[in-house]
Amino acid sequence: MKIVFAATGGNWDSTVDSRFGRAEGFALYDEEKDELTWHSNAENKAAGHGAGVQAGQKVVSLGADIVVTGGNFGPKAAEVIQAAGIKMVPDVGEITLKEAYNKVK
Amino acid sequence: MVISGKGGTGKTSITASYAVLGGKEVVVADCDVDAADMHLLLKPDFKHKEKFYSGKIAEINQDECIKCGKCKDVCRFDAVPVIDGQYEIDEINCEGCGYCFHVCPTEAITMKDSLSGDFFISKTRVDNTLVHARLAIAADNSGKLVTQVRTEAKRIAEENNIPYVIADGSPGIGCPVVASVTGSNLVVIVTEPTVSGIHDMSRVAELIGKFGIKSVCIINKADLNDDITQEIKRFLNNNKIPLIAELPYDLTFADAITAGKTIVEHDSGMISRTIRESWKKILKTV
Amino acid sequence: MFFVKRMKIAIASGKGGTGKTTLAVNLASFIVQENSDNRNVVLADLDVEEPNSGLFIKGQLKKSEVKYRMVPEWVENRCTFCKKCADVCNFNALAYIGVSVLIFPELCHSCYACSELCPENALPMKADRMGEMRYFLIDNGLHFVESRLDIGIEQAVPLIKQTHEFLDSEFSDDDIKIIDSPPGTSCPVIEAVKDADIVLLVTEPTPFGLNDLKLAVDTMKELDKRFAVVINRYGIGNDEVERFCEKNGIPVFGKIPQMHEAAKLYSNGKLLIDDIKEIRDEIGKISMNVKMIR
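Report follows, based on the coordinates.

Procedures and definitions
- Position labels on residues start from 1 in each chain and follow its written sequence.
- Ligands are numbered from 1 and chains lettered from A, in the order in which they are written.
- Local features in a predicted model are, by the rule used here, given only for residues with pLDDT of at least 70; side-chain atom pairs are given and counted only at 80 or more, and totals for whole chains, interfaces and linings are based on all residues.
- Under the scheme used here, helices are H or I runs from DSSP no shorter than 4 residues and strands are E runs no shorter than 2 residues, and both carry numbers assigned from the N terminus.
- One less than the residue count of a helix, multiplied by 1.5 Å, gives the span that helix is expected to have.
- Between the buried cut of 20 or more and the exposed cut of 12 or fewer other C-beta atoms within 10 Å of a residue's own C-beta lies the partly exposed class, and all C-beta atoms are placed from the backbone.
- With C-beta atoms placed from the backbone, a contact is any residue pair whose C-beta atoms sit within 7 Å.
- For this classification, the nonpolar set comprises Ala, Val, Leu, Ile, Met, Phe, Trp, Tyr, Cys and Pro, the charged set comprises Asp, Glu, Lys and Arg, and every other residue, Gly included, is treated as polar.
- For two strands to count as paired, DSSP must find a minimum of two bridges between them.
- Geometry is summarised by axes, namely lines fitted to C-alpha atoms with helices restricted to the contacting stretch, and by angles between N-to-C directions that run from 0 to 180 degrees.
- In these notes the angle categories are as follows: under 35 degrees is roughly parallel, over 145 is roughly antiparallel, 65 to 115 is roughly perpendicular, and the rest is oblique.
- By the definition used in this description, the sense in which the near helix is turned from the far one sets the handedness, with an anticlockwise turn below a right angle giving left-handed and a clockwise turn giving right-handed.
- Think of a nonpolar core as buried Ala, Val, Leu, Ile, Met, Phe, Trp, Tyr and Cys residues, each tied to the set through C-beta atoms within 7 Å.

1. Section: helix 1 (residues 20-34) of chain C
Residues and elements named next belong to chain C.
Next, step 1: Helix length check: helix 1 (15 residues) gives 21 Å between terminal C-alpha atoms against 21 Å at 1.5 Å per residue, within 8%.
Next, step 2: In terms of burial, helix 1 is a largely internal element, 12 of the 15 residues being buried.
Next, step 3: All of the buried residues in helix 1 are Lys20, Thr21, Thr22, Leu23, Ala24, Val25, Asn26, Leu27, Ala28, Ser29, Phe30 and Ile31.
Next, step 4: Positioned one or two residues after helix 1, asparagine 35 has a phi angle of 45°, which is positive.

Rendered as structure tokens:
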């Protein structure tokens, strides 16, 4: 399974970002390969409107099965993610990626 | 919390008063970026200033342009006038869609960042922080600048362990209002007993209701029209919105602004007391 | 042959709550009552998020139209999933998610780029409801057009634009048009005042009023629009606004006095000109100043 975390950094002890659309970036954990990779959200943070739409698309393109964020998903982001059949896990709080992963498991 | 209401009802005056009463316990955000006025009462130092960009504007490189006119053909916003035989971009009309950029056969068009306005973080004369902005002329008042103001205010509050953020909201019901209201714990609706005031208030209440956020109400100029004040009270009752203050129609408000002071500093009588009490009620409700 | 001077008067302000609507409804009603040059008078409320003028005037509904703007619609069986649409859209109104294309009409600016650049014609544009325009004939002969955005619709400009188109097609240059604009200086205001022959900037004589007036003046200059100032609630605050206008050569067409009685009438949705002579005279002065331009 591929799990994407909205995050402030790409390490297991980085914190989950409380925002989604304007998160610092996304940490993708590929369970099969046991790989944690970082994907910056920089170009999207600057979006006027529709940051959630863009971020949602990005997560879809990463092939996520589950998306985790510290706070809420905005309505547009939610629509994109749900339409793609990805499971949403909001409100985990500002915990580390490691803790978030354990929660999801 | 956000202070919301129709223009002219006294939102800014009241928010500024709360800024003074809250002192170091509050970070103030002026979300009324199209007509920012709070700085006139709080005398900020504009310490941190940043240019703020949102969206794009097209630009034509005349050296590459072969005057084929494709850009003008596809533009739906009358943003490509021909002046003295040259194709130009009207920066006020240009929406930044980029259609022209995609069809130009010689790649003579680039999309550059559009200046939305200026963003500031200041220390006020009552020694707290004010986060504010000024929208550039003819800029798109998207929720983005407002969101930036609120996000920064929240960040500063969190980093410095300041318990409250009070925001002077944008008037109306459009996008900037939604941006200022979502994510708040409490909305303080300021209204007045006029047909316009009650009309706007019910629209705001409807919008806030949709987001499920707690709200309270202040009736300003309450003695101007007793009938409508009663009507407002009935509306509040029916919608379970607590009334936290009734302020009289009094030129003291205008005098205070003219003197560059907030009403709680300028007045020492009933008005000031009512506002102080409403602040206490807000702190209890939040 | 008489030369009829085209007269489209926009009423704007940097700040909300200064008295735009008050001036618009009273000025329009005054001109209609005087009827000195036998021209039709049209009042248009383009404050589409919060149109308020209608609270002050009553009449018969002549016409009601739902207003639409064009947004793309995804036709699945024509799509080859090339993603060009999502790449082209600068407003994030399209999301490509591998199996489908999602559309977010609230973000769409109706530029048609995605639709016209789609190689398979899989994104035809379709009409999406944004609000309503209503045209009333008021008891005193005034024509009144009001446009209102549906709640939740974020973009005001398309509705304002379409209302202007209606005004220009339904009425002629012989008819005097008064436009109640939205407050502020951003896009909707620009759209509302774009075609005006003169813009009246309403302000109050306080530091807030002056601050916002300066922004409004800068905007009018940027648009190269002819403008004048009307001071409302004259008597409160100080004389900084007057001195600013004097210093910058900005004509002040009128000073409507602060009066408790006026505030009370306003609160009840009543016109001021019918009950307060002083204000009627001042509105008359403004009307004359407007008619004398050029």
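2. Here's the deal with the interface of chain A and chain C
Next, step 1: Contact with chain A, which involves 13 residues of that partner, is made by 13 residues of chain C.
Next, step 2: With 5 residues, the top contributor of residues to the side of chain A that touches chain C is helix 2 (residues 51-61) of chain A.
Next, step 3: By residue class, the composition of the side of chain A that touches chain C is 6 nonpolar, 5 polar and 2 charged.

3. Overview of the environment of methionine 111 of chain B
All names here are of chain B.
Next, step 1: Along the chain, the position of methionine 111 falls in strand 6 (residues 109-123).
Next, step 2: By C-beta crowding, methionine 111 is classed as partly exposed, having 18 other C-beta atoms within 10 Å.
Next, step 3: It is 7.4 Å that separates the C-alpha atoms of methionine 111 and glycine 96, two residues lying 15 residues apart in sequence.
Next, step 4: Ignoring anything within four residues of it in the chain, the contact list for methionine 111 reads Lys56, Ala58, Gly96, Gly98 and Phe101.

4. What about the sheet that holds strand 8 (residues 164-168) of chain B?
Residue and element names in this part refer to chain B.
Next, step 1: Strand order in this open sheet of 9 strands is 3-6-7-2-8-1-9-10-11, and the pairing throughout is mixed. At either end of the open sheet lies a strand with only one pairing partner, and these are strand 3 (48-60) and strand 11 (243-246). Direction aside, the axes of adjacent strands within the sheet are offset by 20° on average.
Next, step 2: Packed on one face of the sheet, helix 1 (residues 11-22) meets strand 1 (2-5), strand 2 (26-30), strand 8, strand 9 (186-191) and strand 10 (214-219) and runs near 160° to strand 8.
Next, step 3: Set on the sheet, helix 8 (residues 226-238) makes contact with strand 9, strand 10 and strand 11; between it and strand 10 the angle comes to about 170°.

5. Remarks on helix 4 (residues 157-170) of chain C
Next, step 1: Its 14 residues place the ends of helix 4 of chain C 20 Å apart at the C-alpha level, agreeing with the 20 Å of an ideal helix rising 1.5 Å per residue.
Next, step 2: Taken as a whole, helix 4 of chain C has its buried residues at Val157, Pro158, Leu159, Ile160, Thr163, His164 and Leu167 of chain C.

6. As for the environment of threonine 18 of chain C
Next, step 1: With respect to the secondary-structure elements, threonine 18 of chain C resides in the loop between strand 1 (8-12) and helix 1.
Next, step 2: The sequence separation of threonine 18 of chain C and glutamine 258 of chain C amounts to 240 residues, and the corresponding C-alpha distance is 12 Å.
Next, step 3: For threonine 18 of chain C, the residues in contact, after removing those within four places along its chain, are Gly8 of chain B together with Ser13, Val202, Thr203, Glu204, Gly209 and Asn232 of chain C.

7. What about the packing of helix 2 of chain A against helix 3 (residues 75-83) of chain A?
All names here are of chain A.
Next, step 1: Where helix 2 meets helix 3, the axes come as close as 7 Å, and the angle between the chain directions of the two elements is 25°. Classified by the angle between their axes, helix 2 and helix 3 sit roughly parallel to one another. In this structure, helix 2 crosses over helix 3, and the sense of that crossing is right-handed. For the pair formed by helix 2 and helix 3, the contact residues are Gly52, Val53, Ala55, Gly56, Gln57, Val59 and Val60 on the first element and Lys76, Ala77, Val80 and Ile81 on the second.
Next, step 2: Looking at the contact of helix 2 with helix 3, its residues break down into 7 nonpolar, 3 polar and 1 charged.

8. So, the interface of chain C and chain B
Next, step 1: Between chain C and chain B, the contact holds 43 residues from the first and 46 residues from the second.
Next, step 2: Elements supplying a minimum of two residues to the side of chain C that touches chain B: helix 3 (113-117), helix 5 (187-193), helix 6 (207-222) and helix 8 (260-267) of chain C.
Next, step 3: Looking at the side of chain C that touches chain B element by element, the count peaks at 7 residues for helix 6 of chain C.
Next, step 4: Here the side of chain C that touches chain B is composed, by residue class, of 16 nonpolar, 19 polar and 8 charged.

9. What about the pairing of strand 2 (residues 25-30) of chain A?
Residue and element names in this part refer to chain A.
Next, step 1: Strand 2 sits mainly inside the fold: 5 of its 6 residues count as buried.
Next, step 2: Across 6 bridges, the pairing between strand 1 (residues 2-7) and strand 2 is antiparallel. Opposite phenylalanine 5, over in strand 2, you have alanine 27 as the bridge partner.
Next, step 3: Joining the antiparallel neighbours strand 2 and strand 3 (residues 35-40) is a turn of 4 residues, in which aspartate 34 adopts a positive phi near 55°.

10. Some details on the nonpolar core
Residues and elements named next belong to chain C.
Next, step 1: In this structure, Ile11, Leu43, Leu200 and Leu201 are the most contacted members of the largest nonpolar core, which totals 73 residues.
Next, step 2: Broken down by element, this core gets its largest block of residues, 7 residues, from helix 1.
Next, step 3: Contacts of isoleucine 11, omitting those with residues within four sequence positions, involve Lys20, Leu23, Ala24, Ile178, Ile179, Asp180, Ser181, Leu200 and Val202.

11. Let's talk about the sheet that holds strand 5 (residues 87-89) of chain A
Residues and elements named next belong to chain A.
Next, step 1: Reading across the sheet, the 5 strands line up as 3-2-1-4-5 and stay open at both edges, with mixed pairing between neighbours. This sheet does not close on itself; its edge strands, each paired only once, are strand 3 and strand 5. Each adjacent strand pair in this sheet contributes to an overall mean axis angle of 20°, direction not counted.
Next, step 2: Lying over the sheet, helix 4 (residues 97-104) contacts strand 1, strand 2, strand 4 (66-68) and strand 5, oriented at roughly 135° with respect to strand 1.

12. Here we look at the packing of helix 1 of chain B against helix 11 (residues 270-285) of chain B
All names here are of chain B.
Next, step 1: Two numbers describe how helix 1 lies on helix 11: the axes approach to 10 Å, and their chain directions differ by 70°. Considered as vectors, helix 1 and helix 11 are oriented roughly perpendicular to each other. Contacts from Ile14, Ser17, Tyr18 and Leu21 in helix 1 reach Ile275, Arg276 and Trp279 in helix 11.
Next, step 2: Taken together, the residues that form the contact of helix 1 with helix 11 break down as 5 nonpolar, 1 polar and 1 charged.

13. Some thoughts on the environment of serine 122 of chain B
Residue and element names in this part refer to chain B.
Next, step 1: Relative to the helices and strands, serine 122 is located in strand 6.
Next, step 2: Residue class for serine 122 comes out buried when judged on the 21 C-beta atoms lying within 10 Å of it.
Next, step 3: Between the C-alpha atoms of serine 122 and histidine 48, which are 74 residues apart in sequence, the distance is 6.4 Å.

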